[in-house]
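Single-letter residue listing:
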Amino acid sequence: MQGIHPRMASKKALRETVAAGEWVYIEATSVFGNEYDGPLADAPDDTYAVVGPDPYTNRKWYATITKRDGKVTVK
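Undergrad: Please set out the sheet that holds strand 3 (residues 38-39) residue by residue, giving values where relevant.
TA: The three strands are arranged 1-2-3 in an open sheet whose pairing can be described as antiparallel. On the outer flanks of this sheet lie strand 1 (3-5) and strand 3, each paired with one strand and no other. Here three bridges tie strand 1 to strand 2 (residues 25-27), and the two strands are oriented antiparallel to one another. By the bridge assignment, Ile4 is partnered in strand 2 with Ile26.

Undergrad: Requested: an account of the packing of aromatic side chains, with residues and values cited.
TA: In this structure the tally under the stated criterion is two aromatic pairs. Arranged with centres 5.9 Å apart and planes meeting at 35 degrees, the rings of Trp23 and Tyr25 form a pair that is tilted. The class of Tyr25 is partly exposed, set by a relative accessible area of 21%. An angle of 55 degrees between the planes, with centres 6.1 Å apart, marks the rings of Tyr36 and Tyr48 as tilted. With Tyr36 in the loop between strand 2 and strand 3 and Tyr48 in strand 4 (residues 46-54), this residue pair connects regions lying twelve residues apart in the sequence. Take Tyr36 and Tyr48: they sit in the same class, and that class is buried.

Undergrad: Give a description of unusual backbone geometry that names residues and reports values.
TA: Across the chain, the bulk of peptide bonds are trans and the bulk of non-glycine residues have phi less than zero. The omega torsion of the bond from His5 to Pro6 falls at -5 degrees, within 30 degrees of zero and hence cis. As for its position among the elements, Pro6 is in the loop between strand 1 and helix 1 (11-19). Omega for the bond connecting Gly52 with Pro53 falls within 30 degrees of zero, at 5 degrees, which places this linkage in the cis form. As for its position among the elements, Pro53 is in strand 4. One non-glycine residue, Asp69, lies in positive phi territory at about 50 degrees. When you line up the elements, Asp69 lands in the loop between strand 5 (58-68) and strand 6 (71-74).

What counts and what doesn't
Residues numbered from 1 in each chain as written. Predicted model: local features only at pLDDT ≥ 70, side-chain atom pairs only at ≥ 80, totals over all residues. Heavy atoms only, no water. Pairing = 2+ DSSP bridges. Helix = DSSP H or I, 4+ residues; strand = E, 2+ residues; numbered from the N terminus. Phe/Tyr/Trp six-rings, centres within 6.5 Å; stacked < 30°, edge-to-face > 60°. Buried < 20%, exposed > 50% of the residue type's maximum accessible area, 1.4 Å probe, protein only.

See the structure below:
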(Lines give C-alpha, C1' and ligand atoms only; values in the text may rest on other atoms or scores of the structure.)
Protein backbone atom coordinates (compact mmCIF):
# COMPACT_ATOMS: atom_id res chain seq x y z
CA MET A 1 0.00 0.00 0.00
CA GLN A 2 1.20 3.43 -0.93
CA GLY A 3 0.21 6.81 0.43
CA ILE A 4 -0.77 9.97 -1.40
CA HIS A 5 -0.12 13.68 -0.98
CA PRO A 6 -1.94 15.85 -0.33
CA ARG A 7 -3.61 13.75 2.37
CA MET A 8 -7.29 13.28 1.57
CA ALA A 9 -10.15 12.46 3.90
CA SER A 10 -11.92 10.12 1.48
CA LYS A 11 -11.65 8.11 -1.71
CA LYS A 12 -14.24 10.48 -3.18
CA ALA A 13 -11.89 13.41 -2.56
CA LEU A 14 -9.11 11.50 -4.34
CA ARG A 15 -11.39 10.80 -7.33
CA GLU A 16 -12.38 14.47 -7.55
CA THR A 17 -8.78 15.66 -7.29
CA VAL A 18 -7.60 13.28 -10.02
CA ALA A 19 -10.59 14.14 -12.27
CA ALA A 20 -9.81 17.84 -11.91
CA GLY A 21 -6.22 17.21 -13.03
CA GLU A 22 -4.81 18.53 -9.79
CA TRP A 23 -1.37 17.55 -8.47
CA VAL A 24 -1.17 14.19 -6.65
CA TYR A 25 2.01 12.60 -5.32
CA ILE A 26 2.26 8.84 -4.82
CA GLU A 27 4.29 8.04 -1.72
CA ALA A 28 6.26 4.79 -1.55
CA THR A 29 5.96 3.11 1.85
CA SER A 30 7.83 -0.14 1.20
CA VAL A 31 11.14 -0.67 3.00
CA PHE A 32 12.23 -2.78 0.02
CA GLY A 33 12.20 0.18 -2.36
CA ASN A 34 10.24 -1.47 -5.16
CA GLU A 35 7.37 1.05 -5.34
CA TYR A 36 7.00 4.17 -7.46
CA ASP A 37 7.57 7.39 -5.53
CA GLY A 38 6.71 10.64 -7.27
CA PRO A 39 4.05 12.71 -8.99
CA LEU A 40 1.12 10.81 -10.49
CA ALA A 41 1.54 12.78 -13.72
CA ASP A 42 5.06 11.32 -14.15
CA ALA A 43 4.18 7.79 -13.02
CA PRO A 44 4.62 4.96 -15.51
CA ASP A 45 1.50 3.17 -16.75
CA ASP A 46 0.62 0.75 -13.96
CA THR A 47 -1.82 0.06 -11.13
CA TYR A 48 -1.16 1.59 -7.71
CA ALA A 49 -2.81 0.51 -4.45
CA VAL A 50 -3.15 3.49 -2.13
CA VAL A 51 -4.50 4.01 1.36
CA GLY A 52 -5.62 7.12 3.17
CA PRO A 53 -5.79 9.47 4.74
CA ASP A 54 -2.39 8.41 6.16
CA PRO A 55 -0.67 5.12 5.25
CA TYR A 56 1.13 4.95 8.59
CA THR A 57 -1.44 5.95 11.19
CA ASN A 58 -4.94 6.22 9.74
CA ARG A 59 -6.12 3.69 7.14
CA LYS A 60 -9.79 4.58 6.71
CA TRP A 61 -10.08 3.99 2.97
CA TYR A 62 -8.36 2.08 0.18
CA ALA A 63 -8.26 2.78 -3.55
CA THR A 64 -6.70 1.55 -6.75
CA ILE A 65 -5.27 4.12 -9.14
CA THR A 66 -4.81 2.84 -12.67
CA LYS A 67 -2.84 4.79 -15.24
CA ARG A 68 -2.97 3.66 -18.88
CA ASP A 69 -2.03 5.73 -21.94
CA GLY A 70 -2.24 8.94 -19.92
CA LYS A 71 -5.75 8.20 -18.61
CA VAL A 72 -6.08 7.88 -14.83
CA THR A 73 -8.95 6.10 -13.06
CA VAL A 74 -9.63 5.65 -9.35
CA LYS A 75 -11.65 2.72 -7.99
